[in-house]
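# Summary of structural features
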Amino acid sequence: MPASPSPNTIAAKDLATARTLRLTGVTLDHRGGDGRPFRVLDLPKLVVAPGEHLGLRGPSGSGKTSILHLIAGLILPGSGTVAWGETEVSALDVSRRDRWRLNTLGYVFQDFHLIPELDVAANITLPASFSSWRIGRAEREHGEALARRMGLTDLSRKAGVLSRGEQQRVAIARALSRRPALILADEPTASLDAAHAEEVGTLLVEAAREAGATLICASHDSGLLARMERCIDIAPAPPLPDLATVSGHAA
Amino acid sequence: MNPFAMVWADLRALRWTALAIVALIAMAVAIGVAIGAQERALRKSSTVAAADFDLLIGAPGSQTQLLMSTIYLQLEAIPLMDGAVLKALAQDERVADFAPIAFGDVSRGYPIIGTTSAFAGRWGRIAPSEGRLFAAEGEAVVGADVRYKLGDRIAPSHAPAVQGRKAGEEDEDEAKHRHAGHDYTVVGRLPPLGSPWDRAILVPVESVWEVHGLGNGHAPGVERIGAPFDAETLPGVPAVVVKPRSVAGAYALRSHYRQSGAMALFTARSQYSQSGTMAFFPAEVLVGIYRALGDARGLLVLASTLNATLVLSSILLLLVAVAGLRRRRYAVLRAMGAPRLYVLLVIWLGMAALMALGCVAGLMLGVGAAGALAKAVEAQTGLRLAISVESPELLQVALLFVVGTVLSLLPAAASFRSPIATELRG
């Protein structure tokens, strides 16, 4: 008689199910200047396991950023589904998608997109203000701990006066501030010089690992991609109607 | 949610634009508030100044000119009315009291007004704040703002017009036309009336007549002052203030001393000069002036409303442009999970804050401007204008704020439709 699974095993399995990202049969079409549609992306299947670090590699215009936007629910696929565990993100209405994004996702942008008029601490805790009137003590302390983890000491400095490397560290801390299960990073090192890119890349990967978060990183930075557990190459989708699949995808 | 950190950040980012917007709104509000407050203050103060002038009788001419000369002491050479009217008034049962008003002299720029002691005390309504009312020829009681002390000697000079003279300062013209040997002694000071009479020197009308060689209005050997004026021939006076016993009496007196009535009287009794008289209630003339003032105010308010509309439209366009420039910033917030309402509030509250600041600044600026204008009017005329902001101004400001903030919802609502991914790509 097979032994019944322990409660811990069930919980771990549930968690794994709840935090698995699945993109199934996803296509994305845009319209060209002549009004005719063209396919931007054709992704038959992509599954990202909980806590996995995935790199998206490919030339500019291949659709890496579009995949991140699809995952974040910022755009909806022409066909197919984007699911986070049991939640079909692409089927949620706008308000639910906003809430899902806030509670699940941390986003790191190429150009940091900090609020220059706010100080480091306020930038890190800004996402908390989307849902609460007051930034709680626990959130503030968590923000301070993240800042320290990123090597930021003076939290009262305005973001506008920070170096680019410092700005991206603040952006990473901000992305981690809500303890997201999924971190999307869009060319996080592209605006930095080599030394800072190395440093920031390391911090991003380590911080995601420490948080146990899934990290999906679109990048041209071979050094950063080398730190990912898995990379997939994104090639531009062939013109309609000859639909092709994404090359080198993993399931 | 709490959008205020972002609102503050947006305002800081746009500080120069924000300042310009606040200044524009403030100017638009200030113009409207200043016009409203000034017009009302002028109306109230001029009404208060005319309080003791129930009925005015003078030589035929311009009622407005007589009113301006008598009540607001904007003295000009106006025709004299036959002094016999004073005798007729003294015998008229409908008259509770009356006082001739004679002017034409000045001292240090202050007009010297000849009248009766009773009218100097405004028919008993006020008492001197210092000293006493005049009781004999050669005595004077000064208005609250006249810089003469009790016991000072006042040397009158002939000067029919006081316009252009600076109160408290003697000019060359005044020195040249002095009435030598006719000095007055200050025996009292009146409390502030808030009218140009605060800058007047009040003396017995008998003294004014005597200074000009017209006798003293009394029978030979009579040294008292005040009515009845019993000289056989009385000197002419520019105006007489009458206090009627009743409302009916007031109307009857006005009718009696109106130009046509006076002419009829002249024919019947042969008492008055052929020039006749005119009589009117100052309140009536003021109503006419207020009506004209109200029309002017209406035009000004219309102009200021149009101005405010233009300002609001410009600001709205500016805000739309500014919100457009910041679409990427708001898209980033959305990408991080900010709900649409949060972004809408960030944009709208920022604009509402600018509107509120502009309105408050405009209100203060408007009151300040109206106050400065009131000071200028007081310096020029002696009419004290009490500036106050009342419900019409507050309503006007509130309306501007409401319209402005409601309109601000348009650029804020536009953020609802903005595609996040497109904005993120810039």
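First, a word on what this report is: a plain description of the structure on this page.

Residues and elements named next belong to chain A. The strand order across the open sheet formed by 4 strands is E2-E1-E4-E5, and the pairing between neighbours is antiparallel. At either end of the open sheet lies a strand with only one pairing partner, and these are strand E2 (37–48) and strand E5 (87–88). For strand E1 (residues 21–31) and E2, the ladder comprises 10 bridges, and the chain directions are antiparallel. The partner of Asp29 across the bridge, within E2, is Arg39. Across the face of the sheet, helix H2 (residues 64–72) comes into contact with E1, E2 and strand E4 (79–84) while running at roughly 120° to E1.

This next bit is on the pattern of salt bridges. Applying the stated criterion across every chain, the model contains 29 salt bridges over all chains. For the salt bridge of B:Glu39 with B:Arg43, the shortest nitrogen-to-oxygen distance reads 2.3 Å. Of the two residues, B:Glu39 and B:Arg43 both sit in helix H2 (residues 15–49), 4 residues apart, roughly one turn of that helix. On the basis of relative accessible area, B:Glu39 is assigned to the buried category, the value being 10%. When the shortest N-O distance is used, the salt bridge between B:Glu139 and B:Arg132 registers 2.7 Å. Take B:Arg132: its relative accessible area is 38%, and that puts it in the partly exposed class. Each of A:Glu117, B:Asp10, B:Arg326 and B:Arg329 takes part in one network of salt bridges that share partners.

In this section: the nonpolar core. A:Leu23, A:Leu56, A:Leu126, A:Leu184, A:Ile216, B:Leu333 and B:Tyr342 are the most contacted members of the largest nonpolar core, which has 78 residues in total. No other element matches helix H12 (residues 340–381) of chain B, which puts 10 residues into this core. Excluding anything up to four places from it in sequence, A:Leu23 contacts A:Leu43, A:Pro44, A:Lys45, A:Leu46, A:Ile67, A:Ile71, A:Thr81 and A:Val82. Counting residues in hydrophobic clusters, the runner-up holds 39 residues, among them B:Ala49, B:Leu56, B:Leu73 and B:Ile225.

Now for the pairing of strand E10 (residues 239–244) of chain B. All names here are of chain B. With 5 of 6 residues buried, E10 lies mostly within the body of the structure. Bridge analysis of strand E1 (residues 55–58) against E10 gives 4 bridges, and the strand direction is antiparallel. Each residue of the ladder has a partner; that of Ile57, found in E10, is Val240. Of the pairings in the sheet, the one linking strand E2 (residues 95–107) to E10 comprises 6 bridges and is antiparallel in character.

All names here are of chain A. Taken together, the 5 strands give an open sheet; going across it, the order is E6-E7-E8-E3-E9, and neighbouring strands pair in parallel fashion. The open sheet has two edge strands, strand E6 (105–108) and strand E9 (230–233), and neither has a second partner. Here the average twist between neighbouring strands, direction ignored, is 15°. On top of the sheet, helix H3 (residues 94–104) reaches E6 and strand E7 (182–186); it is set at about 80° to E6, its chief contact. Of the strands in this sheet, strand E3 (53–57), E6, E7 and strand E8 (214–218) are in contact with helix H7 (residues 194–211), which crosses E8 at around 155°.

Applying the stated criterion across every chain, the model contains 11 aromatic pairs over all chains. Consider the rings of A:Trp133 and B:Phe4, whose centres lie 5.7 Å apart with planes at 85°: the pair is edge-to-face. With one member in each of two chains, A:Trp133 in the loop between helix H4 (120–125) and helix H5 (137–149) and B:Phe4 in helix H1 (residues 4–13) form a pair that bridges those chains. Given the relative accessible area of 42%, B:Phe4 is considered partly exposed. Aromatic side chains B:Phe98 and B:Phe229 sit 6.3 Å apart centroid to centroid with 65° between the ring planes, which places their arrangement in the edge-to-face category. One end of the pair, B:Phe98, is in strand E2; the other, B:Phe229, is in the loop between helix H7 (205–211) and E10, with 131 residues separating them in the sequence. For the pair formed by B:Phe98 and B:Phe229, the shared burial category is buried.

Calculation notes
- Residues numbered from 1 in each chain as written.
- Chains lettered and ligands numbered in written order.
- Predicted model: local features only at pLDDT ≥ 70, side-chain atom pairs only at ≥ 80, totals over all residues.
- Heavy atoms only, no water.
- Pairing = 2+ DSSP bridges.
- Helix = DSSP H or I, 4+ residues; strand = E, 2+ residues; numbered from the N terminus.
- Contact = heavy atoms within 4.5 Å.
- Axes fitted to C-alpha atoms, helices over the stretch in contact; angles between N-to-C directions.
- Salt bridge = Lys/Arg side-chain N within 4 Å of Asp/Glu carboxyl O.
- Buried < 20%, exposed > 50% of the residue type's maximum accessible area, 1.4 Å probe, protein only.
- Core = buried A, V, L, I, M, F, W, Y, C linked by side-chain atoms within 4.5 Å.
- Phe/Tyr/Trp six-rings, centres within 6.5 Å; stacked < 30°, edge-to-face > 60°.

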